[in-house]
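Structural description and commentary
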Amino acid sequence: MHHNILEIKQLKTYFFTRSGVVKAVDSVNFGIRRGESLCLVGESGCGKTATALSILRLIDSPPGKIIDGEIRYHDEDLLRCSGKRLRQIRGHGIAMIFQDPQSSLNPVFTVGDQIAEQIRMHLKLKRRPTMERTLHLMEQVGIPRARERMKDYPHQFSGGMRQRIMIAAALSCGPEILIADEPTTALDTTIKEQILDIFRDLKQQREMSILFITHDLGTVAGIADRIVVMYGGRIAEVGTVYDIFDQPKHPYTHGLIDCLPDISARSDRLTSIPGMIPSLIDPPDGCIFSPRCPRSMMVCRQKRPKEVIVSKEHLVACHLYS
Amino acid sequence: MKRGGLQGYIIKRLIYAALIAFGVVTITFILLRLGPTSPADKYLANMSARTQDPAQVVAAVEARYGLDKPLYQQYGNYLINLARGDWGWSFSTSMPVIKLIQTHWVYSFQLILLSMLFAASLGLLIGVCSAIKQYTRIDYLATFFSFIGISIPNFWLGIMLILVFSVQLGWFKTYYDTGLPMFSLANLKALILPVITLGTGMMAGYTRYARSATLDNMGKDFVRTARAKGLPERVVIGKHVFRNAILPIITIIMFSLSGIVFGGAYLTEIIFGIPGLGRISFNAIFASDYPVVVTITLIGTLVVLLTNLATDIVYTWLDPRIRYD
Ligand SMILES: Nc1ncnc2c1ncn2[C@@H]1O[C@H](COP(=O)(O)OP(=O)(O)O)[C@@H](O)[C@H]1O
Ligand SMILES: [Mg+2]
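Parameters at a glance
- Positions within a chain are numbered from 1, following the residues in the order the chain's sequence is written.
- Naming scheme: in the order in which they are written, chains are lettered from A and ligands are numbered from 1.
- Since the coordinates come from a predicted model, pLDDT governs what is reported: local features require at least 70, and pairs of side-chain atoms require 80 or more to be given and counted, while whole-chain, interface and lining totals use all residues.
- The basis for every side-chain value is the complete set of non-hydrogen atoms in the structure, without hydrogens or water.
- The pairing criterion for strands is at least two bridges between them, as found by DSSP.
- Labels follow the DSSP assignment, with helices taken as runs of H or I lasting at least four residues and strands as runs of E lasting at least two, numbered in each case from the N terminus.
- The axes are straight lines fitted to the C-alpha atoms, using for helices just the contacting stretch, and the angles between their N-to-C directions are given from 0 to 180°.
- Segmentation into domains, and thus their bounds, comes from an automatic or database assignment.
- Only heavy atoms matter for contacts: two residues are in contact if any of them lie within 4.5 Å across the pair.
- What counts as buried area is the accessible surface, traced by a 1.4 Å probe, that two parts surrender upon association, with contributions from both included.
- Salt-bridge detection follows one rule: a side-chain nitrogen of Lys or Arg within 4 Å of a carboxyl oxygen of Asp or Glu.
- Pairs of N or O atoms within 3.5 Å make up the polar contacts considered here, provided that, within protein, one atom can donate a hydrogen while the other can accept it, and that residues adjacent in sequence are counted only when both atoms are side-chain atoms.
- Throughout, exposure labels follow a simple rule: accessible area from a 1.4 Å probe, protein chains only, divided by the maximum for the residue type, with under 20% read as buried, over 50% as exposed, and the rest as partly exposed.
- Under the convention adopted here, Pro, Cys and the residues Ala, Val, Leu, Ile, Met, Phe, Trp and Tyr are nonpolar, Asp, Glu, Lys and Arg are charged, and Gly plus all remaining residues are polar.

A separate point is the sheet that holds strand β6 (residues 94-97) of chain A. All names here are of chain A. The 8 strands lie next to each other as β6-β7-β8-β3-β9-β10-β12-β11, forming an open sheet whose pairing is mixed. Strands at the two margins of the open sheet, each flanked by one partner only, are β6 and β11 (307-311). In this sheet, neighbouring strand axes are inclined to one another by 20° on average, regardless of whether the strands run parallel or antiparallel. For strand β3 (residues 37-41) and strand β9 (residues 226-231), the ladder comprises 4 bridges, and the chain directions are parallel. Within the sheet, the bridge partner assigned to Val41 lies in β9 and is Val229.

Here you go:
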């Protein structure tokens, strides 16, 4: 059994909106192991961000609320620890990077200050060492002329550079776990590759566990050790990269792989899975993928599938395998 | 920020300020001199007791102060003197205007400054608290009272305050006591009712703006980033939210300044018998004492324009995204 440094158990995060209760995360289980890179994949709106924010209790409330579950980090349950303890863990034990580097940085403070404030706060360093560390981090993530640029404001940087600054800030206190929520989605294709390279490097070093979130199975190459496939607020499949790419079990995972460009030369390749992304308000009984599933059976519309172990590392929630 | 850009901007704004000041002087001058009364009438009132021929007195006085010259010539002379720093002679009080201003400006200054400090600090505090505690009892109370504060006319509030706290309860004098030393608690106490009168409406307005600006910024992504860093709520709100929320509030405060200088302060000084520039100007209008009225209007205009310019300059380091070219 591998040691999980973070273990999510039966997590339920709902949003209470005017039109109903959105079950954004509905009984999700998975663990993150020491030093591994875990990719959380699924179409947009399937609850990836809600899952990530729940880990650090950053869900906007109202309308959101973590209803139930457990998030075990070392010997603590993050959902039940004190606010003070939680703040010690945020940014220090577990750091997070967001999708949009434009809006995630505060426009009225220098980027140097926005990296330094968490170093000062968690590591209790003095002015000079904080400066040195900030500078070193900015150089490490590839910001040219870092010493001068520390004093610049976010609007003076390009999108890619801003995301590097977000990464530098997240890495600043040497976190055990880095959560990156679609860090390349808001960026141009060429810039995207450069940022992905940073993550590939971080993965190689294996000093830190990474939870890398993406809606695009294509970006996980070179980053993921294992993959969690999420659909409609639930886990569809969990496995190593090889399990998922070579022996996908869940019809939804099949769909995602079929949608990837250049995986084969087939001309009848799909560009997206047919059907609509389900509403997470009043989801259908049974398997939430069943309305779109090409292999849907009677039972799929009646009973929610349990998670089935198909091999040592490989888990799937689908009636085809039960 | 290019320094040259800012300098050019300041020069441009100073030129505008000079043009506006010129316009204000001209309009005020014309309005007062075209009125039915002459500044010399005041002398007439004083001297008729001495059984002189009224027409003779008026003619003598008008000749002495050049009031018999054509209006454009009077205007020209007045402007030239003004440019030389000679603010003219107050007919109604028989002293140089500069002397009059020197003795009275401080009463307006202390009233306006204290009222703004009162309104801005309390308005910001209540507005931010109201936003942090959105949809709680504190928020509803703050919202309720700020709407009342916005709707109360300040002359009515002033009269009510005097009736209740001065007349009924006897806590304060009904009239502002000019004999008190400027920097004394007694003076501060004497200013409590005037400051509340002038400041309440402003404070209520600032509360509304502070609340909405804080709420706007509390939902921003960078606030989530700040929380994800593990910063305590005090820093998240006090640093990240507040530094962004303060920007629109400063603009609002500056916009409200001209209303305070030319409206609220005049009324408040009259209600409480504070001998500030507003009251002096008010009296001077009835005496057609145009050098006093023009000078005080000009001072008010310059204070508003220069404060606005100062705010714009302060803005360049409060908001690094702003550039003036
Ligand atoms: N603040 C919110 N208020 C209401 N619904 C929300 C909110 N945030 C997310 N949701 C809903 O929760 C579901 C999952 O959203 P999200 O976790 O952002 O998906 P993903 O990151 O996978 O694209 C979506 O149906 C979305 O509409
Ligand atoms: Mg998302």
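Residue and element names in this part refer to chain B. Per the domain assignment, the segments making up chain B are domain 1 (3-83) and domain 2 (97-318). The C-alpha-based centres of domain 1 and domain 2 are spaced at 32 Å. Taken together, the contact pairs 21 residues of domain 1 with 19 residues of domain 2. Of the roughly 1,700 Å² buried where domain 1 meets domain 2, counting both sides, 78% is carbon and sulfur surface. On inspection of domain 1 and its partner domain 2, the count reaches 1 salt bridge. Among the ionic pairs, Asp312 bridges to Arg13, the shortest N-O distance being 2.3 Å. There are 2 residue pairs in polar contact (both at pLDDT 80 or more) connecting domain 1 and domain 2. Elements with a contribution of two residues or more to the side of domain 1 that touches domain 2: α1 (3-33) and α4 (71-83).

What follows deals with the side chain of Asp77 of chain A. Residue and element names in this part refer to chain A. Mapped onto the fold, Asp77 is located in strand β5 (residues 76-77). Judged by its relative accessible area of 11%, Asp77 is buried. Reaching out from Asp77, the side chain makes a polar contact with the backbone nitrogen of Leu79 at a distance of 3.0 Å. Once you skip the residues sitting within four places of it in the chain, Asp77 turns out to touch Gly69, Glu70, Ile71 and Arg72.

A few words now on the sheet that holds strand β4 (residues 64-73) of chain A. All names here are of chain A. Read from one edge of the open sheet, 4 strands run β2-β1-β4-β5, paired in antiparallel fashion. Strands at the two margins of the open sheet, each flanked by one partner only, are β2 (20-33) and β5. The pairing of β4 with β5 spans 2 bridges and is classified as antiparallel. Counted as the bridge partner of Tyr73 is Glu76 from β5. Of the strands in this sheet, β1 (4-17), β2 and β4 are in contact with helix α1 (residues 48-55), which crosses β1 at around 115°.

Okay, the interface of chain B and chain A next. Across the boundary between the two partners, chain B contributes 19 residues, which contact 24 residues of chain A. Taken together, both faces of the contact between chain B and chain A bury some 2,100 Å²; the carbon and sulfur share is 58%. Linking chain B to chain A there are 4 salt bridges. Residue Arg224 of chain B pairs with Asp60 of chain A through a salt bridge whose shortest N-O separation is 3.4 Å. Taken together, chain B and chain A are joined by 13 residue pairs in polar contact (both at pLDDT 80 or more). Counting residues per element, the ones that place at least two in the side of chain B that touches chain A are α10 (221-228) and α11 (233-272) of chain B. In terms of residues, the side of chain B that touches chain A owes the most to one element, α10 of chain B, which gives 6 residues. Considering only residue class, the side of chain B that touches chain A consists of 7 nonpolar, 4 polar and 8 charged.

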